[in-house]
Amino acid sequence: MAPFGKIYSYPGNFRVQRAQVVAAMNGLEVEVPADFQMEATKKPDFLAKFPMGKIPAFEGADGFCIAEGAAIAMYLAGSGPKAAQLLGGPGELQKRARITEWICFAETELNPQVLPAFVMCVLKYMPYSEAAYNNAANNLERALKRIDQAVDAGAKKFLVGDELTMADIMVAGPLFFGQGFLIDEKMRAAAPGAIKYLDGLAAMPEFQSVFGEIKKCETRVAAP
Ligand SMILES: N[C@@H](CCC(=O)N[C@@H](CS)C(=O)NCC(=O)O)C(=O)O
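Each chain carries its own residue numbering, running from 1 in the direction its sequence is written. Local features in a predicted model are, by the rule used here, given only for residues with pLDDT of at least 70; side-chain atom pairs are given and counted only at 80 or more, and totals for whole chains, interfaces and linings are based on all residues.

- The name an unreviewed UniProt entry assigns to the chain is Glutathione S-transferase, from the organism Apiospora kogelbergensis.

Right, dumping it as structure tokens:
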């Protein structure tokens, strides 16, 4: 298989793992260089390709460069034989719109709710704010209930139609990650259908090969 490109990131980044699930489904060889250092994001050669100086950042074997986790995953989704399954076919406007709705939901209703607790209480990069922590946790509970409803309390295996799409892959990333430190037993019990849906995804070979066993915390991470 000829290499399709590289994604620059630190290891274990759920934004990259989502892209790796998509790449594998489309038979694309995408390398994540193990020796990448975050300092590289501030160097002129990186900034020339990725002006925000952030990761994940994709560099194609053909020279095409693109940043933003969602854009990278969607580019990979459109670049192989599973494009219509993952994104909806060209004539399936409503399916495409529904998948886009869930991609936006993942990026705006899930990522920003999962990350504050991690940054403040696990990495301790940012000063702790009880208000910010509680606000994010409450919004995440609300978003989980929305997923619970969308999968008919666990009766449905996928968010859109009867097969795996980008909707599931984008939503699963932050929620697999968040279960390790924020989505605790209490939060899981309030949205059992959403958790059954996520457990079903986690058991699929497409996710297993990239995410492995999903860590689940009993109680959410405490203030530092
Ligand atoms: N909107 C971007 C956010 C990416 C992002 O915040 N990346 C962080 C690491 S998780 C980063 O590169 N931070 C370095 C910096 O802020 O300089 C995406 O979804 O890909």
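There is more to say, and it comes next.
### Concerning the packing of helix α3 (residues 69–77) against helix α7 (residues 166–178)
Then step 1. Look at α3 against α7: their axes get within 12 Å of each other, and the N-to-C directions meet at 150°. The two elements α3 and α7 cross, and the hand of that crossing is right-handed. Between α3 and α7, the residues in contact are A70, A73, M74 and A77 and M166, I169 and M170, respectively.
Then step 2. Its residues placed into classes, the contact of α3 with α7 shows seven nonpolar, no polar and no charged. Axes here refer to lines fitted to C-alpha atoms; in helices the fit is confined to the stretch in contact. Angles between the N-to-C directions go from 0 to 180 degrees. In DSSP terms, a helix is any run of H or I states spanning at least four residues, a strand is any run of E spanning at least two, and both are numbered starting from the N terminus. Throughout, a crossing is termed right-handed when the near helix is turned clockwise from the far one, and left-handed when it is turned anticlockwise from it by less than a right angle. C-beta atoms are placed from the backbone for every residue, and two residues are taken to be in contact when these atoms lie within 7 Å. Any residue outside Ala, Val, Leu, Ile, Met, Phe, Trp, Tyr, Cys, Pro, Asp, Glu, Lys and Arg is labelled polar, Gly included; the first ten of those are nonpolar and the last four are charged.

### Remarks on the domain arrangement of the chain
Where interface size is given, it is often the accessible area lost as the parts come together that is meant.
Then step 1. Throughout, the edges of the domains are those of an automatic or database domain assignment. In terms of domains, the chain is made up of domain 1 (3–81) and domain 2 (88–211).
Then step 2. The C-alpha-based centres of domain 1 and domain 2 are spaced at 21 Å.
Then step 3. With 13 residues of domain 1 in contact, the opposing surface of domain 2 contributes 14 residues.
Then step 4. When residues of the side of domain 1 that touches domain 2 are traced back to their parent elements, those giving at least two are α1 (14–25) and α3.

### Description of the sheet that holds strand β4 (residues 65–67)
Then step 1. Strand order in the open sheet formed by four strands is β2-β1-β3-β4, and the pairing between neighbours is mixed. Bordering the open sheet on either side are β2 (29–31) and β4, each of which pairs with just one other strand. Across this sheet, the average inter-strand angle for adjacent strands is 25°, counted without regard to direction.
Then step 2. Alignment of strand β3 (residues 57–60) against β4, held across three bridges, turns out to be antiparallel. Pairing of A57 across the sheet is with A67, part of β4.
Then step 3. Lying over the sheet, α3 contacts β1 (3–8), β2, β3 and β4, oriented at roughly 130° with respect to β4. Being paired, for any two strands, means DSSP has found at least two bridges between them.

### Observations regarding the environment of L159
Then step 1. Within the element layout of this structure, L159 appears in the loop between α6 (130–150) and α7.
Then step 2. Distance in space between the C-alpha atoms of L159 and S79 is 22 Å, their sequence separation being 80 residues.
Then step 3. The residues contacting L159, other than those within four sequence positions of it, are W102, A150, V151, A167, D168 and V171.

### Digging into the UniProt feature "domain: GST N-terminal" (unreviewed entry) in the chain
Then step 1. In the numbering used here, UniProt assigns the feature "domain: GST N-terminal" (unreviewed entry) to residues 3–84.
Then step 2. The distance separating the terminal C-alpha atoms of residues 3–84 is 22 Å; by composition the span is 35% helix and 20% strand. UniProt positions are given in the numbering used here, feature names are shortened, and annotations may be inferred rather than shown by experiment.

### Comments concerning the site of the ligand
Then step 1. Within the structure, the ligand sits among R15, T41, G53, K54, I55, P56, E68 and G69.
Then step 2. Partitioning the shell around the ligand into residue classes produces two nonpolar, three polar and three charged. Think of it this way: take the backbone, place a C-beta atom on it, and check whether that atom is within 6 Å of the molecule or strand, in which case the residue is near it.

### What about the packing of α1 against α3?
The description of two helices packed together rests on the angle between their axes and the distance between the axes.
Then step 1. Contact geometry of α1 with α3 gives a least axis separation of 8 Å together with a crossing angle of 5°. In this view, α1 runs roughly parallel relative to α3, as classed from their interaxial angle. Residues R15, R18, A19, V22 and A23 of α1 pack against G69, I72, A73, L76 and A77 of α3.
Then step 2. For the contact of α1 with α3, the class distribution of residues is seven nonpolar, one polar and two charged. Roughly parallel means an angle under 35 degrees; roughly antiparallel, over 145; roughly perpendicular, 65 to 115; everything else is oblique.

### Re unusual backbone geometry
Then step 1. The residue after I55, namely P56, is reached through a cis peptide bond having omega 5°.
Then step 2. Relative to the elements of secondary structure, P56 occurs in the loop between α2 (44–49) and β3.
Then step 3. With a phi close to 60°, K124 is a non-glycine residue in the positive phi region.
Then step 4. Counting through the fold element by element, K124 comes out in the loop between α5 (93–122) and α6.

### Examining α7
Then step 1. A helix's residues, less one, multiplied by 1.5 Å, set its expected span. The terminal C-alpha atoms of α7, which comprises 13 residues, lie 19 Å apart, in line with the 18 Å expected from a rise of 1.5 Å per residue.
Then step 2. At A172, α7 shows its strongest bend, of approximately 30°, with the proline P174 following within four residues.
Then step 3. Burial within α7 is extensive, with 13 of its 13 residues counted as buried. Bend at a given residue is defined as the angle between two axes, one fitted to the seven residues that end at that position and one fitted to the seven that begin there. The exposure scheme places C-beta atoms from the backbone and then counts, for each residue, the other C-beta atoms within 10 Å of its own, assigning buried at 20 or more, exposed at 12 or fewer, and partly exposed in between.

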